[in-house]
Amino acid sequence: MDEQRRGRRNLAQNLLITLLTLTAAALFTQTQLYSMGVDRGASALGGAVQTAGAAEPGELAAPVRVAVTGSYGRYGSAAMTTGDREFADPLGRCLAEALGSARDYAECTEAEFLAALEAPSIYYDFLSPLPLPVLSMLTGGGAAEESISARRLILSGVGGGVSLYLWDGGEIYLRAGTAASRESLQQTAGEYEQGGAVFALDFGADLAPCSLLPKEPPELPMLTAGDALPDTNGLLTAIGFNPRVRTRYLESNGTELIADGSQTLRIRPDRTVFYNSGGDGSLKIEASGETPSLEEAVLGTAKLLNGLLSPGEASLYLQEVRENGKNLVLRFGCQMQGVPVRYADGGCAAEATLSGRSVEALTLRFRQYASTGETALLLPLKQALAVASQTPGVELAVGYVDSGTECAPHWLAD
């Protein structure tokens, strides 16, 4: 049976490659199906306080694309996390030191940002904008400017020193001086074998200029994707409901509704779960005070979600932090070895709304991933470029797509 399944998969992949080569323009519509960018834009008894302990920063490793530019080209990795040993030192350390010493942020232009990549530099792309204190925490640093968020950052040896450039994922580009030395940056760049990656801007491709393209597609495993929702009673216990609650029924659309006092839990037929506290305040995260710091909110929520979702060989990562009135909303995605997992509906793996330490609402997608032991077959870069070029300006990158029964890596056009 395994041989038959493998044969069918290989046949399908071969047919896809042939069809893409012959009809790139037509197949771009199919590729667009995967163009799902980041939004642009205690006790088990009911009523008892449930508190999630804080996670350690290492438990919340973020996917990051990295490029190191030296005198002879670029080193690049599109499948790395902040928790990987090869990132921690020197890449993470360099960024943490820069964030801690950066002063006097001033606006710059996109052209200046891109020009910074031509000097000896280190480039970081965290896939979505995150507040600088969170980025500093993820890289092992300390305090950083709280009012600024960044998706892409560059440490560049422009002039005599090292400047930190950043892009917030929208219209804002900033530059700040740092305490790092140009000599140290050049020494770090010299530690990497260069010539294995390019940006779209390096060869004039009609893509987003910071599309980071490895000369050889990464070898990534195929994944199984399954329902990880525990039995309902186990879930109720985990979030502090009384498992013997009496208010429990099916709504007309097939959603199961469970109420315990003012708290409600809805389980849709697709197994997505929605929790609302109704102001109950029983479910809390751990913090030193009633108003957690941003870092405490992120780590406490991550600890809670990791305990609930158990995504198998994959792991959660922070995608977004935003304020909604007096509440703080945190969205989390799922990643496998630094490669993000995308969903057909464009949604996230989890979302939490906090009011102080209290969890006011949760949205949970219970999915579990495991490697099949088979390596996925990705299109060669030249063919992927031919397809993506049908829509100028898109960003080309590799990501997993959860189709419901399996999770395969694809070239994605965002």
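Residues numbered from 1 in each chain as written. Predicted model: local features only at pLDDT ≥ 70, side-chain atom pairs only at ≥ 80, totals over all residues. Heavy atoms only, no water.

Caption draft 1: Examining the environment of Pro120 more closely. Mapped onto the secondary structure, Pro120 falls in the loop between helix 4 (110–115) and strand 5 (121–131). For Pro120 and Arg182, which are 62 residues apart along the polypeptide, the C-alpha to C-alpha distance reads 8.3 Å. Once residues within four sequence positions are removed from consideration, Pro120 is found in contact with Thr69, Leu155, Ser156, Gly157, Arg182, Leu185 and Gln186. (Helix = DSSP H or I, 4+ residues; strand = E, 2+ residues; numbered from the N terminus. Contact = heavy atoms within 4.5 Å.)

Caption draft 2: Region of interest: the packing of aromatic side chains. All chains considered together, the criterion is met by 6 aromatic pairs. Among the aromatic side chains, those forming a connected cluster through ring pairs are Phe113, Trp167 and Tyr173. A cation over a ring is seen here: Arg365 above Tyr343, with NZ or CZ 3.9 Å from the ring centre. (Phe/Tyr/Trp six-rings, centres within 6.5 Å; stacked < 30°, edge-to-face > 60°. Lys NZ or Arg CZ within 6 Å of the ring centre and 35° of its normal.)

Caption draft 3: Spatial organisation of helix 9 (residues 381–388). Taken across its 8 residues, helix 9 has 6 buried, putting it largely inside the fold. Every buried residue of helix 9 is accounted for by Leu381, Gln383, Ala384, Leu385, Val387 and Ala388. (Buried < 20%, exposed > 50% of the residue type's maximum accessible area, 1.4 Å probe, protein only.)

Caption draft 4: Inspection of the pairing of strand 23 (residues 396–402) at higher detail. The element strand 23 is extensively covered by neighbouring structure, given that 7 of its 7 residues are classed as buried. Burial along strand 23 is two-sided: Leu396, Val398, Tyr400 and Asp402 facing one way and Ala397, Gly399 and Val401 facing the other are all buried. Sheet topology places strand 19 (residues 339–343) next to strand 23; 3 bridges connect them, and they run parallel. Note that in strand 23 the partner of Val341 across the bridge is Tyr400. For strand 23 and strand 24 (residues 406–413), the ladder comprises 7 bridges, and the chain directions are antiparallel. Residue Val398 lies in a different strand from strand 24, and its bridge partner there is Trp411. The turn joining strand 23 and strand 24, which pair antiparallel and follow one another in sequence, is formed by 3 residues; a positive phi near 115° is taken by Gly404. (Pairing = 2+ DSSP bridges.)

Caption draft 5: Geometry of the sheet that holds strand 2 (residues 63–70). On the basis of which strands lie adjacent, the open sheet formed by 7 strands has the order 3-2-5-6-7-8-4 and antiparallel pairing. The open sheet terminates on both sides in strands that have one partner only, identified here as strand 3 (73–81) and strand 4 (103–107). Averaged over all pairs of adjacent strands, the angle between their axes in this sheet comes to 20°, without regard to strand direction. Relative to strand 6 (residues 149–156), strand 5 is paired through 7 bridges, and the arrangement is antiparallel. (Axes fitted to C-alpha atoms, helices over the stretch in contact; angles between N-to-C directions.)

Caption draft 6: Region of the structure containing the confidence of the model for the protein. On average, residues of the protein score 85 in pLDDT, and 86% of them are at 70 or above. Mean pLDDT across the elements of the protein bottoms out in helix 2 (residues 24–32) (37) and peaks in strand 6 (98). The model gives residues 1–53 a pLDDT under 50, and that stretch makes 84 contacts with residues more than four places away or in other chains. (pLDDT = per-residue confidence, 0-100.)

Caption draft 7: Fine view of helix 6 (residues 182–189). For helix 6, the full list of buried residues reads Leu185, Thr188 and Ala189. Angularly, the buried residues of helix 6 cover 100° about the axis, an arc narrow enough to put them on a single face. The exposed residues of helix 6 that point more than 90 degrees off its buried face are Glu183 and Gln187. (Arc of directions from axis to C-beta.)

Caption draft 8: Region of the structure containing the pattern of salt bridges. Scanning the entire structure with this criterion turns up 21 salt bridges. Among the ionic pairs, Glu320 bridges to Arg322, the shortest N-O distance being 3.6 Å. By relative accessible area, which is 33% here, Arg322 ends up partly exposed. A salt bridge links Asp345 to Arg365; the shortest N-O distance between them is 3.0 Å. One end of the pair, Asp345, is in the loop between strand 19 and strand 20 (350–355); the other, Arg365, is in strand 21 (residues 358–365), and 20 residues separate them in sequence. For Asp345, a relative accessible area of 53% gives the class exposed. Overall, the relative accessible area of 17% leaves Arg365 in the buried class. (Salt bridge = Lys/Arg side-chain N within 4 Å of Asp/Glu carboxyl O.)

Caption draft 9: Layout of the nonpolar core. Among the nonpolar cores identified, the biggest contains 98 residues, and Tyr124, Leu153, Leu265 and Leu362 are the most heavily contacted of them. Considering each element in turn, this core owes the most residues, 8 residues, to helix 8 (residues 294–309). Once residues lying within four places of it in the same chain are set aside, the contact partners of Leu265 are Leu235, Leu236, Ile239, Phe241, Glu256, Leu257, Ile258, Val273, Phe274 and Tyr275. In terms of nonpolar packing, the next biggest core, distinct from the first, is built from 15 residues, Tyr165, Ala197, Phe199 and Leu212 among them. (Core = buried A, V, L, I, M, F, W, Y, C linked by side-chain atoms within 4.5 Å.)

Caption draft 10: Inspection of unusual backbone geometry at higher detail. The residue after Asp89, namely Pro90, is reached through a cis peptide bond having omega 15°. Residue position: Pro90 is located in helix 3 (residues 85–101). One non-glycine residue, Leu127, lies in the positive phi region at around 75°. Assignment of secondary structure puts Leu127 in strand 5. Of note in the backbone geometry, Gln337 takes a positive phi value of approximately 55° without being a glycine. Structurally, the position occupied by Gln337 is in the loop between strand 18 (327–336) and strand 19.

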